[in-house]
Amino acid sequence: QIMSQVEGQQKNLVQAIEALPSSGPLSALDQDLLLLKATSAATLSCLGECLTLLQQSMHHVGQHHNRTLSSEGILGWPGPKSHSTEQMKNGALSSLSSASANITWAIVPSVAQDGQALQPNTEVSMLASELILVEDEMTDTEDNEEEDLGVMDDQRSVILHLISQLKLGMDLPRVVLPTFILEKRSLLEMYANFMAHPDLFLSIAAGATPEERIICFVEYYLTAFHEGRKGAVAKKPYNPIIGETFHCSWDVPKEKVKAFRTNGASMVSKDPTKEFGQDQSSCYKLRFVAEQVSHHPPVSCFYCECKEKKMCVNAHVWTKSKFMGMSIGVSMVGEGVLYLLEHDEEYVFTLPSAYARSILTIPWVELGGKVNISCAKTGYSATVTFHTKPFYGGKVHRVTAEVKHNPTNTIVCKAQGEWNGMLEFTYSNGETKVIDTNKLPVIRKKIRPIAKQGPLESRHLWQQVTNSLKEGNIDAATEHKHRLEERQRAEERQRVALATPWKPKYFAKEGDGWLYLNPLWKT
């Protein structure tokens, strides 16, 4: 009854504010009133959630059903969950995205391409495309660092106005976020940046035993999120339009790809500014392609291979966003599979959820949830837990991991630390290894100049938005972004009218997932 009374009073408050004129000394868009409206709604929602949780714990102790609190919800700080919506589930795959760790708010409707004229030819093999790509590729000179948002008063008013219209637990597929929070790269390129330590990735295949190989995979997995998420600020990459693609490659010095027990000895002493040379005769070539294959739901796919090492990874990710009071939560639904063809092993892995915190001040990103890595053939599996910051005290960005041989129920490796800081690994023989993710050398990707890219390749497609953001011209960036959104809507309507479904260029639907059309295991 008390909650009902408070809800009624808060509703009256909101109606009174919205009834004010849009301009004048006291308007409906007054910053203090917007803050009052947003915080009162968030406070009321939190109280409602607390009441629900108390009722659940009293009446459903020991019961396992959909409303049971997850360990992440108890330990962490995911923001209140709406009992009327499904709990966010850690999906599966693959941006090693941190996944995620990059806050991939799937929020702006994507843009499709020109109907038949730009319809990709699915018969074009990746090999033919790559011959052209490699010929024109140059070492990437873009800096992934993002300046702090340092939200200005007028920008805060925009966010407050947006928040005041949202409901707790609300899905965010069609909410258009202000342009000033955009990161200057596409989500597809962000996935590529999680491969910034390709030497560690290729070292997986160098493991002499199944145990060494899965431990190497876990080491690579834990170091991938830091480089993909440059800077602490929670900006969002561009939501790819349907048919958008991103291509790049890496030249990885062969002497840097080492067997398991030797690849960590000097990892703490590296100069973070040092980059590997690129004498191709002494390098492995690692190729990457990503494509936006679906608009509803927004699904991104990527495929990466090294023919010489006979290994490749195929992944699909569906980003689902929810409003959580003063946070935005993004779950990564999907799955990734690492194929080691020389050993006939497949490692299936999932991705954590990501959270943008403090969205009214200086937003920051943290990862949360439990992910799994498993190889059915060898019986080895790993559990990686990204811990969200406790409400009081505690560290941020904490991660723990455990590698187990399931047939014998033996733990062969444990890890703890921060996914963007120091990581300590302890092995069954008592040895330990420390990796400082901030001092791992970065191998820059190689990418063709924009002038040699196709119209639907990420940097070419978004270049006007990116240039406007670099110049600080938010109005121009917003206008260019709006044009892409409008183009997508028109083209989607045209496809619906002609009953012509979109056909991706590099990936094909298979079961619940997507597979690259010309993977290494087929060639």
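Quantities reported herein were computed from a predicted structural model and do not represent experimental measurements.

K.L.:
Break down the pairing of strand β16 (residues 432-436) for me, citing the residues and quoting the values.
P.N.:
Direction of pairing for strand β15 (residues 422-427) relative to β16: antiparallel, over a ladder of five bridges. Within β16, the position partnered with Glu-424 by the bridge is Val-434.

K.L.:
Pulling in residues and values, what's your account of the pattern of salt bridges?
P.N.:
Applying the stated criterion to the full structure yields 15 salt bridges. Put simply, Glu-219 and Lys-433 hold a salt bridge, and the shortest N to O gap is 3.1 Å. With Glu-219 in helix α8 (residues 210-228) and Lys-433 in strand β16, the pair connects residues that are 214 residues apart, well separated along the chain. In terms of burial, Glu-219 and Lys-433 fall into one category: buried. For the salt bridge of Asp-251 with Lys-285, the shortest nitrogen-to-oxygen distance reads 2.8 Å. Here Asp-251 is found in strand β4 (residues 245-253), whereas its partner Lys-285 is found in strand β5 (residues 283-294), with 34 residues between them in sequence. Judged by its relative accessible area of 2%, Asp-251 falls in the buried class. Judged by its relative accessible area of 17%, Lys-285 falls in the buried class. Through salt bridges with shared partners, a single network forms among Asp-140, Glu-189, Lys-445 and Arg-459.

K.L.:
Before we move on, could you go through the confidence of the model for the protein and cite the residues and values that matter?
P.N.:
For the protein, per-residue confidence averages 75 on the pLDDT scale, and 70% of positions sit at 70 or higher. Looking over the protein, one finds the lowest element-wise mean pLDDT in helix α3 (residues 71-75), namely 33, and the highest in strand β9 (residues 345-349), namely 96. For residues 64-132, every residue scores under 50 in pLDDT, and the model assigns this stretch 255 contacts once sequence neighbours within four places are set aside. Low confidence marks residues 146-155, where pLDDT is under 50. Its contacts with residues over four positions away, or in another chain, come to 22 contacts.

K.L.:
Tell me about helix α11 (residues 474-497), and please be specific about residues and values.
P.N.:
Its 24 residues place the ends of α11 35 Å apart at the C-alpha level, agreeing with the 34 Å of an ideal helix rising 1.5 Å per residue. Buried within α11 are the following residues: Ala-477, His-480, Lys-481, Leu-484, Glu-485, Gln-488, Glu-491 and Arg-495. Just past α11, the residue Ala-499 takes up positive phi, approximately 55°.

K.L.:
Please set out the packing of aromatic side chains residue by residue, giving values where relevant.
P.N.:
Counted according to the given criterion, the structure contains 14 aromatic pairs. Between Tyr-303 and Tyr-516 the ring centres are 4.0 Å apart and the planes differ by 15°, which places this aromatic pair in the stacked class. Pair noted here: Tyr-303 is in strand β6 (residues 299-306) and Tyr-516 is in strand β19 (residues 513-516), with a separation of 213 residues, a long-range link. For the pair shown, Tyr-303 and Tyr-516 are each scored as buried. Grouping aromatic residues by their ring pairs yields a cluster made of Phe-194, Phe-217, Tyr-221, Phe-225, Tyr-347, Phe-349 and Phe-386.

K.L.:
I'd like a description of the packing of helix α10 (residues 463-470) against α11, backed by residues and values.
P.N.:
Their axes nearest at 8 Å, the elements α10 and α11 cross at an angle of 170°. Accordingly, the angle class assigned to the pair α10 and α11 is roughly antiparallel. You can see that α10 and α11 cross each other, and the crossing is left-handed. Two secondary-structure elements touch here, α10 through Gln-464, Val-465, Ser-468 and Leu-469 and α11 through Ile-474, Ala-476, Ala-477, His-480 and Lys-481. Here the residues of the contact of α10 with α11 are counted per class, giving five nonpolar, three polar and one charged.

K.L.:
Can you lay out unusual backbone geometry for me, pointing to particular residues and giving the numbers?
P.N.:
Here the bond from His-296 into Pro-297 is cis, since omega is -5°, no more than 30 degrees from zero. At Asp-344, a residue that is not glycine, the phi angle is positive and equals roughly 55°. Residue position: Asp-344 is located in the loop between β8 (328-340) and β9. Phi at Ala-499 is positive, roughly 55°, even though this residue is not glycine. Within the fold, Ala-499 resides in the loop between α11 and β18 (507-510). A relative accessible area of 64% places Ala-499 in the exposed class.

Conventions used here
Residues numbered from 1 in each chain as written. Predicted model: local features only at pLDDT ≥ 70, side-chain atom pairs only at ≥ 80, totals over all residues. Heavy atoms only, no water. Pairing = 2+ DSSP bridges. Helix = DSSP H or I, 4+ residues; strand = E, 2+ residues; numbered from the N terminus. Salt bridge = Lys/Arg side-chain N within 4 Å of Asp/Glu carboxyl O. Buried < 20%, exposed > 50% of the residue type's maximum accessible area, 1.4 Å probe, protein only. pLDDT = per-residue confidence, 0-100. Contact = heavy atoms within 4.5 Å. Expected span 1.5 Å × (residues − 1). Phe/Tyr/Trp six-rings, centres within 6.5 Å; stacked < 30°, edge-to-face > 60°. Axes fitted to C-alpha atoms, helices over the stretch in contact; angles between N-to-C directions. Parallel < 35°, antiparallel > 145°, perpendicular 65-115°, else oblique. Left-handed = near helix turned anticlockwise from the far one by under 90°. Nonpolar A, V, L, I, M, F, W, Y, C, P; charged D, E, K, R; others polar.

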